[in-house]
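# Structural description and commentary
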Amino acid sequence: MATSSHLNWLIIRNNNAFLLKKRDVAKPFSTEPNNLASVSSYRYSGIVHKKTVGVVPAADKKGFTAVLKKGKYAQRPAKNTVRVDFKAGPRRSLKKLKNLLIGSKYRKDLTQAALRRASAVLRSQKPAPVKGKKAELAKGKKPE
């Protein structure tokens, strides 16, 4: 028996395994897969919708992977996810992701959130700039 996503959300919104409730925080956080904003809300929920979008780092830490859920296989978890790797460089990869989500009309409402998450993943993979005496030694300058 298939139930609507709204009914599923009403059932799981206050109690589920992915909920992180904190004191003095009005909106609880969520650790569920395919939740782009990590916020417990109907719009971003990766559990209740037939079509969801998730952005995770690629397996080799170069680029990111978009995880899409197929609505056709909602009752078959082994077949319902598609993973697409993006490794062509930051700007090109973000453009490809945007074209994938908007061009195929797949959850247009999550496009901006997916782009934000993808840029955060790409930013986290950049090496941190080294400051101080170690940076000067690496460049070949003599410390004073």
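Please read these numbers as outputs of a predicted model, since none were measured by experiment. (Residues numbered from 1 in each chain as written. Predicted model: local features only at pLDDT ≥ 70, side-chain atom pairs only at ≥ 80, totals over all residues. Heavy atoms only, no water.)

## Examining the pattern of salt bridges
Summed over all chains, the structure comprises three salt bridges. Between Asp60 and Lys87 there is a salt bridge whose closest N-O contact spans 3.1 Å. One end of the pair, Asp60, is in the loop between strand 3 (53-57) and strand 4 (64-69); the other, Lys87, is in the loop between strand 5 (81-86) and helix 2 (90-103), with 27 residues separating them in the sequence. A salt bridge links Arg107 to Asp109, with the shortest nitrogen-to-oxygen separation between them at 3.1 Å. (Salt bridge = Lys/Arg side-chain N within 4 Å of Asp/Glu carboxyl O. Helix = DSSP H or I, 4+ residues; strand = E, 2+ residues; numbered from the N terminus.)

## A short note on the packing of aromatic side chains
Under the defined criterion, the tally for this structure stands at two aromatic pairs. Ring plane angle 25° and centroid distance 5.1 Å describe the contact between Phe64 and Phe86, whose orientation is recorded as stacked. Remark: Phe86 occurs in strand 5 and Phe64 occurs in strand 4; sequence separation between them is 22 residues. Considered together, Phe64 and Phe86 belong to a single accessibility category, that of buried residues. (Phe/Tyr/Trp six-rings, centres within 6.5 Å; stacked < 30°, edge-to-face > 60°. Buried < 20%, exposed > 50% of the residue type's maximum accessible area, 1.4 Å probe, protein only.)

## Thoughts on helix 3 (residues 111-125)
Over its 15 residues, helix 3 extends 21 Å from the first C-alpha to the last, a length consistent with the 21 Å expected when each residue adds 1.5 Å. Burial in helix 3 covers these residues: Thr111, Ala113, Ala114, Leu115, Ala118, Val121 and Leu122. Packed against the buried residues of helix 3 are strand 3, strand 4 and helix 2. (Expected span 1.5 Å × (residues − 1). Contact = heavy atoms within 4.5 Å.)

## A closer look at a positive patch on the surface
The grouping of Lys70, Lys72, Arg76 and Lys79 at the surface amounts to a positive patch. Note on placement: Lys79 falls in the loop between strand 4 and strand 5. Judged by relative accessible area, Lys79 falls into the partly exposed class, the value being 42%. (Patch = residues over 30% accessible without salt bridge, like charges linked within 9 Å, V, L, I, M, F, W, Y side chains within 5 Å. Areas by Shrake-Rupley, 256 points an atom, 1.4 Å probe, with all protein chains shown as cover. Lys, Arg positive; Asp, Glu negative; His and termini not counted. Charge placed at Lys NZ, Arg CZ, Asp CG, Glu CD.)

## A look at the sheet that holds strand 3
In a beta sheet, neighbouring strands are held together by backbone hydrogen bonds and run either parallel or antiparallel to one another. The strand order 3-4-5 describes an open sheet built from three strands, whose pairing is antiparallel. Edge positions in the sheet fall to strand 3 and strand 5, since each has one partner strand and no second. Along the sheet, successive strands turn relative to each other by an average axial angle of 25°, direction set aside. Pairing analysis gives six bridges linking strand 4 to strand 5, with the strands arranged antiparallel. Across the sheet, residue Lys69 finds its bridge partner in strand 5, namely Thr81. In the packing of helix 2 onto the sheet, the strands contacted are strand 3, strand 4 and strand 5, and the crossing angle to strand 4 comes to about 5°. The sheet contacts of helix 3 involve strand 3 and strand 4, and relative to strand 3 the element is tilted by about 5°. (Pairing = 2+ DSSP bridges. Axes fitted to C-alpha atoms, helices over the stretch in contact; angles between N-to-C directions.)

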